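# Notes for the structure review
Residue strings, one per chain:
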Amino acid sequence: MNRSVLYIINLLLAVLLWTACENETGTDPQPSGNGSDTYLSLRIATKSGDEDQRSDDEKKKEDMNNLRVIILSKNGIIEYNEFINFGTSKQEHIVVGTDASDLTQWIKVKANEDKTVYLIANMKDTDFTGEVGENGKNLSENIDNYIFPKDINGDIGYLNGADQLIPITAKYTIHVGTAKFQEFGPLYVVRAATKFTLSYTNNRSNAVTIKSWSISNVADRAYLMPHVNRTEDDKYTAYDNGYYGNGWIGWISKNLNSNRSDYVTEYEVPKTSSHVSSYKISYTDCKLNANGGSKVASPVYLHESRYLVKNENENENIEVQQYMMTFEFQEENEKVETYNVPFVVSESLFRDLHAYINVTINEDEAPIIYAGIVYWQWIDFISRDLIPSQPFVPNSNQ
């Protein structure tokens, strides 16, 4: 059955609580009809710490261009499956169901049981269809196991005209009570990609051309939905102090200010994926003028990765993620310089991570490479200097 769905931009979502919570409201708090149905309103949002710093092109890729909302009953029956196309507008925050005077704008489901909610943005309208009343077992398995094609060329997602859309997804379990109208949210959705933005500054007395940068051991495909696990002692990462809230989304929101415990490391990438030896971005026109010339390159989107090696600094048999970045640049009339830098600013390359990398090239010394990490609603960067592992060798024409 078709329903008209009202969506509105709701800027107040940025300051609401992280944990998806139930708020039973309405002028009539009694169960409706025969006591078995209720009406839901879902507040859905994307949120990262860098929303206001993005270019228009980035927003086209990263905001919600469309959204599919799927709700399964406790027994796996499809109770709601609607695709919302936002047209030319892009949404960071929407509300599905808002006006108690018009029940067609709400989501009607059976009351008093747990529900599985899938939120899937920026996919095709033909993906994950299914009729209300059908058994949703196959649909659920299809979504949970959906893998992006083998493609790490920076164009992750689907084309919508000239725009490449980054899929944005989440899966929740919510408990629906017996009140006639019930509101849930904010339900945060997560971009199914990592993002790298690089900037360059040249403090040398000659112009410098940036040739390329690369990163090692990134995955060549990823799951559509987050596959986050807990360890045997109920932890999400190698360093956290316990479990909080509604799954890992609630956990990460409780650890925003901690030192090392805010990294999600216990997640899965597809068993069919390969961690390629190197993913390389080459520039055709990235010349920096002498004495302060600078440029910010267009961002690059990669699959989330989980490449593990034994931690040689620990006595215990612990595996940690490890990635290496390589930078190539050439001063005017000189040889190409190459620097290898371990990417130590983050404990993982989990989805929705945004890495800011600044490379400052000074006279007669190795470049100063600074990295900052932003994801979710973090205000302060988690940051550190990245130390080139190759010592500086002065240029020579001999």
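The structure contained in this document is the topic of the report that follows. (Residues numbered from 1 in each chain as written. Predicted model: local features only at pLDDT ≥ 70, side-chain atom pairs only at ≥ 80, totals over all residues. Heavy atoms only, no water.)

Okay, the pairing of strand 24 (residues 336-342) next. Of the two faces of strand 24, the one holding Glu337, Tyr339 and Val341 is buried and the one holding Val336, Thr338, Asn340 and Pro342 is not buried anywhere. Pairing analysis gives seven bridges linking strand 23 (residues 324-331) to strand 24, with the strands arranged antiparallel. Paired with methionine 324 across the strands is proline 342, a residue of strand 24. (Buried < 20%, exposed > 50% of the residue type's maximum accessible area, 1.4 Å probe, protein only. Helix = DSSP H or I, 4+ residues; strand = E, 2+ residues; numbered from the N terminus. Pairing = 2+ DSSP bridges.)

This paragraph deals with the pattern of salt bridges. Two side chains bearing opposite charge may form a pair once their charged atoms approach each other closely. With the rule as written, the count across this model stands at 17 salt bridges. Taking the shortest distance from any N to any O, the salt bridge between lysine 115 and glutamate 113 comes out at 2.7 Å. By relative accessible area, which is 1% here, lysine 115 ends up buried. When salt bridges with common partners are traced through the structure, they connect Arg54, Glu58, Glu62, Asp63 and Lys195 into a single cluster. (Salt bridge = Lys/Arg side-chain N within 4 Å of Asp/Glu carboxyl O.)

What follows covers helix 2 (residues 137-144). If you check which residues of helix 2 are buried, you get Leu139, Ser140, Ile143 and Asp144. Buried residues in helix 2, looked at end-on, bunch into an arc of 125°, giving them a common side. Where helix 2 is buried, its residues contact strand 3 (66-72), strand 4 (78-85), strand 7 (113-121) and strand 10 (168-176). (Arc of directions from axis to C-beta. Contact = heavy atoms within 4.5 Å.)

Moving on to the packing of aromatic side chains. Tallied over the entire structure, the rule returns eight aromatic pairs. Both rings, one in tyrosine 200 and one in tyrosine 283, keep their centres 5.9 Å apart while their planes meet at 85°; by these two values the pair is edge-to-face. Of this pair, tyrosine 200 sits in strand 13 (residues 194-202) while tyrosine 283 sits in the loop between strand 17 (279-282) and strand 18 (287-288); the two residues are 83 residues apart in sequence, bridging distant segments of the chain. For the ring pair phenylalanine 329 and tyrosine 339, a centre distance of 5.7 Å and an interplane angle of 20° mean the geometry is stacked. (Phe/Tyr/Trp six-rings, centres within 6.5 Å; stacked < 30°, edge-to-face > 60°.)

Strand order in the open sheet formed by five strands is 4-3-7-10-12, with antiparallel pairing between adjacent strands. The sheet terminates laterally at strand 4 and strand 12 (190-191), the two strands that pair on one side only. Note that strand 10 and strand 12 share two bridges and pair antiparallel. Note on strand 12: the bridge partner recorded for threonine 169 is valine 190.

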